[in-house]
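Secondary and tertiary structure notes
One-letter residues, chain by chain:
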Amino acid sequence: MKAVELEKAYSPKSFEDRIYNLWKESGAFKPKEEQDFPRDSHPYVIVIPPPNVTGVLHLGHGLNITLQDIVIRFHRMRGEPVLWVPGTDHAGIATQHVVEKRLKAKGLSRHDLGRGKFVEETWKVKNEHHAVISEQLARIGASVDWSRERFTLDEGLSRAVREVFVTLYERDLLYKGNYLVNWCCSCGTALSDDEVDHEEQAGKMYHIRYPRLDGTGSVEIATTRPETLLGDTAVAVHPEDPRYAGLAGRELVLPLTGRNIPVIEDTYVDREFGTGAVKITPAHDPNDWEVAKRHDLPAINILSPDGRLNDAAPEKYRGLTVAEAREAVVADLKDGGFFIKEEEITHAVGRCYRCHTVIEPFLSEQWFVRMKPLADKALDAWRRGDIVFYPRKWEHTYRHWLENIRDWCVSRQLWWGHRIPAWYCKNCGKTTVSRMDPAACPHCGSAGIEQDPDVLDTWFSSWLWPFSTLGWPEALSGSGTSTAAASDFDRFYPTTALVTAYDIIFFWVARMIMAGLEFTGKAPFRDIYIHGLIRDKLGRKMSKSLGNGLDPLQLVDEYGADAFKFTLAFMCAQGQDILMDEGSFKLGSKFANKVWNAARYILMNLEGRNVVKDPSLLPVDRWIRSRLGAVAGTITEAFLSYRYNDAAQAAYEYFWNDFCDWYVEATKLSMREGDDAEKDRATTVLLEVLAESLRLLHPLIPFVTEEIYGKLPYKGAAGENAADGAAGLLINAPYPGYDASRLDPRIEADFAFIRELVTLVRTLRSECTVEPGRKVRVLVRTGDAGRAAFLRENAGLVKLLAGMGELEIEEAPSESTVLPEEKKGGAAKTEGSIGLAGSGFEAHVFIAGAVDAAFLKQKFAKDLAKDRKFITGLQAKLSNENFLKNAPPELAAQERVKLEEALKRTAKLESYIRDLM
């Protein structure tokens, strides 16, 4: 073989783009053709949570894409047919907001352009941003099947949306009616509850007097929104509140309006809060709306869609904004003697998730989906075990939301999106909901029909994503449409897993399950892995306002995609948010660099070596193969249960410690002292283990492993047999499976003994500042004859790894059977050494000949004095009642750990000093 030269410095920029294009062009991202896998085999399928087409990927997207890519690569390497469907969301409000912002900069509005032209402009913006998102996914290394990419406004998904809308209408699960909605006055549209962000902010509580009509007194109410009293239609009290006994049915004078309103009784009222009397404003408060329905109260909407008071308000206040009306109403209440007081408070205020405008509860005619029948099916699917949450704690959130679900407002007063397929006849007044655009009213034949101007909520297309992306409804039998669509739906639906953050369980996860069950009869996926959010080191959510956000592409530029992916996986523990900063990604960078340097060392030393067929195995070879088999089982189990951090940490420990620090170092004995035959044998086994290790690591660090794998002159039997698939790429190579026959508990126990011995000697050498090239003599005593024999068999290896010049091995009896004269003789034999105690053995390192013993004793004594002083301070702190009472529990625990470590350190130093006496 020829030596293979890797670049001296690990430089991911030099190969990551090339590797990604190689994968893509080879067809590695596409699932195996149907004839290449058994019909009854189960494909592994994920549909990507579609990012907004106008956005750029933030670190949360980077985490989500990384986690999906890891399990997709893992299952692909297991030989399963794998499909990962990419796509983007048209993001109704968000995208329209971007376009309107551009128009505003030109002094224009969407109405100046007209609907058709505005939609054209929005498609241009979509196309601009789509290319950016695709590039970002590629840079991160997403192994998605680009040939199946979808968009929530493409032709196929648009047909699915219309099919679902019409079907819901036919099943009486969709209706139009007046209802209280969340209204964004800036965006000019209704929002679902899930699209409202609630924030704590300073405000005021206003106390107002409502006089009794009969002049016998008044009722005091309190509100944070005094302007809404102009739409009050009642005051409610609790039926069991003695303060208002006999008041029900009486009338109150509504200040500033010239209207009278009744007092009603309702158990909704909290007697313990405030005065126990609540103003009821049905058109501007969701709870009041429910009270009004129970008592048949009128609803007076005092707001226009632009957020100004309308003609239902007294003339003086018409045309004012909410803020202006509040100021005017408070002033008039004071002038009229109705004002009692105001208090400074902090309360939660709903804001538009997109533009951050304060949300106004608004009575409006909208389209709604009846959710309870759908929710009941979704709950049943969970109870049957058709869906499984990872971690399980999210089941409670899912169940609670479905058990308390409200109808979903799906209409939006926008121009960008799926236009509602409903037409209104000007002649007969009837509504037509149709799969095809009607030319005339089917009820009366009139051509005077007009389509509903509104569009559907973005989530209305997103909840169909798992099956609409795979060809539904074209795949429905008898549709007479494409075979390809039917084939994908039949082969890949239902999908396998959903990987998403916990903040959209309501927005998306539950709704997809409801839609899948309603329209396909099956849950759209089985596994639901809910990952945490990424926060800064202080636990704060990353945001532009805090300036703590991290750009995933900048991180990829700085550290490489592998470092980015590995760090996120390593830190992603189930059920926990991830606290990190830019420096966190050095972990992944160091690991990828370690893999590169290890491979570089191996490949640069291949000159003149030959591959040996069926090489024999030394004990150290059997040990690393056993370790590799065991860790392959650990990682496989972790991936199958979405424990990414466990998989990454197991991979890290194996490659860094077992492979690099021990096995590669151990092979140097054969390379230095063996003949050519032994060197060829050792090189062959080393290449086999390296190749299999790269296959093990590939899902976590795909680029660097692929780059190295492609340069291996020999990949072992498994790698060579797989070389005919997709140009012999690692992405399609077999993943190391768990093989019990490779496990060798005895050899692992023997090498655990050797590693402990070597580690003890290395640590002592470091503590005693023994020069690296200086050899030391070591005496090992053990009562285990098997260990003694194993140590003799591998004495050369142990001496190499521990820097020993001479290794003496004694099979010593247990301490209790040693006679006094034997102990005395043994003490003389170990004079000038420092004793080390291991598990079932003791080692005496003759340090006196390697260093200045007097200087060493002085150093140890100085270290000991320093540690004793430290211990005294810690003990005083931990015995201080004030510290224990006031310190956080985790701080006190940390101090106890420090004390325990310091005590162990002093005991060791005392032992060293005694041995040197």
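Look a little higher up for the structure.
In what follows, the accompanying structure is described. Everything numeric here is computed off the predicted structure, so don't read it as measured data. Here the residue numbers are simple positions, counted from 1 along each chain's written sequence. Confidence filtering applies because this is a predicted model: local features only for residues at pLDDT of at least 70, side-chain atom pairs given and counted only at 80 or more, and all residues used for totals across whole chains, interfaces and linings. Water and hydrogen atoms were dropped before computing side-chain values, which therefore reflect all heavy atoms in the structure.

Observations concerning the packing of helix H19 (residues 644-673) against helix H20 (residues 676-697)
Running from amino to carboxyl end, H19 crosses H20 at an angle of 170°, the nearest separation of the two axes being 10 Å. With respect to their mutual orientation, H19 and H20 come out roughly antiparallel. Taking contact as the criterion, the partners of Ala-651, Tyr-654, Phe-655, Phe-659, Tyr-663, Val-664, Thr-667, Ser-670 and Met-671 in H19 are, on H20, Glu-678, Lys-679, Arg-681, Ala-682, Thr-683, Val-685, Leu-686, Val-689, Leu-690, Ser-693, Leu-696 and Leu-697. Each residue receives one of three labels: charged for Asp, Glu, Lys and Arg, nonpolar for Ala, Val, Leu, Ile, Met, Phe, Trp, Tyr, Cys and Pro, and polar for the others, Gly being one of them. Looking at the contact of H19 with H20 residue by residue, the classes come out as 14 nonpolar, four polar and three charged. Here an angle of 0 to 180 degrees is reported between the N-to-C directions of two axes, which are lines fitted to C-alpha atoms, with helices fitted over the stretch in contact. By definition, any uninterrupted DSSP run of H or I lasting at least four residues is a helix, any uninterrupted run of E lasting at least two residues is a strand, and each is numbered from the N terminus. Note that the term roughly parallel is reserved for angles under 35 degrees, roughly antiparallel for angles over 145, roughly perpendicular for angles of 65 to 115, and oblique for everything else. Whether two residues touch is decided by their heavy atoms; if any such pair falls within 4.5 Å, the residues are in contact.

Quick notes on the environment of Val-664
Tracing the chain through its elements places Val-664 in helix H19. Each residue is assigned to one of three classes by its accessible area relative to the maximum for its type, calculated with a 1.4 Å probe on protein chains only: buried under 20%, partly exposed between the two thresholds, exposed over 50%. Assessed through its relative accessible area of 5%, Val-664 is described here as buried. It is 34 Å that separates the C-alpha atoms of Val-664 and Ala-907, two residues lying 243 residues apart in sequence. Among residues more than four places away in sequence, those in contact with Val-664 are Tyr-601, Ile-602, Phe-659 and Leu-686.

Description of the side chain of Arg-115
With respect to the element layout, Arg-115 can be found in helix H5 (residues 115-140). Charged residues are defined narrowly, with Lys and Arg counted positive, Asp and Glu counted negative, and His plus the chain ends left uncounted. Whenever Lys or Arg places a side-chain nitrogen within 4 Å of a carboxyl oxygen from Asp or Glu, that contact is recorded as a salt bridge. There is no salt bridge for the buried Arg-115, and the closest opposite charge comes from Asp-454, which lies 6.4 Å off by N-O distance. Non-local contacts of Arg-115, meaning those with residues more than four positions away in its chain, are made with Leu-414, Trp-415, Arg-419, Pro-453, Asp-454 and Val-455.

Re the side chain of Glu-707
One can find Glu-707 in helix H21 (residues 702-709). For Glu-707, a relative accessible area of 8% translates into the label buried. N or O atoms closer than or at 3.5 Å make up a polar contact, with two conditions inside protein: a donor-capable atom paired with an acceptor-capable one, and, for residues adjacent in sequence, both atoms drawn from side chains. One polar contact links Glu-707 to Arg-18, side chain to side chain, over a distance of 3.0 Å. Residues in contact with Glu-707, not counting those within four places in the same chain, are Phe-15, Arg-18, Ile-19 and Trp-596.

Here's the deal with the pairing of strand S2 (residues 82-85)
Because side chains alternate across S2, one face comprises the buried residues Val-82 and Trp-84, and the other comprises Leu-83 and Val-85, equally buried. The rule for pairing is simple: two strands pair if DSSP sees at least two bridges between them. The pairing of strand S1 (residues 44-47) with S2 spans four bridges and is classified as parallel. Across the sheet, residue Ile-46 finds its bridge partner in S2, namely Trp-84. We call a crossover right-handed when, viewed with the strands running away from us, the connection from the first strand over the helix to the second turns clockwise. Since S1 and S2 lie parallel, the crossover through helix H2 (residues 59-77) that links them has a hand, and here it is right-handed.

A word on the pattern of salt bridges
Tallied over the entire structure, the rule returns 64 salt bridges. Of the charged contacts in the structure, one is a salt bridge between Arg-643 and Glu-637, with a shortest N-O distance of 3.9 Å. Glu-637 sits in the exposed class, given a relative accessible area of 52%. Connected through salt bridges with shared partners, the residues Asp-380, Arg-383, Arg-399 and Glu-403 form a single ionic network.

A word on unusual backbone geometry
At the junction of Tyr-390 and Pro-391, the peptide bond is cis and its omega measures out at -5° in the coordinates. Secondary-structure assignment places Pro-391 in the loop between strand S15 (388-390) and helix H10 (394-403). The omega torsion across Trp-472 and Pro-473 is 5°, close enough to zero to call that bond cis. In this structure, Pro-473 sits in the loop between helix H12 (465-468) and helix H13 (483-492). In this structure, Ala-91 takes a positive phi of about 50° despite not being glycine. Of the residues examined, Ala-91 reaches a relative accessible area of 5% and is grouped as buried. The backbone phi angle of Asp-296 is positive, close to 55°, even though this residue is not glycine. On the secondary structure map, Asp-296 appears in the loop between helix H7 (286-295) and helix H8 (322-336).

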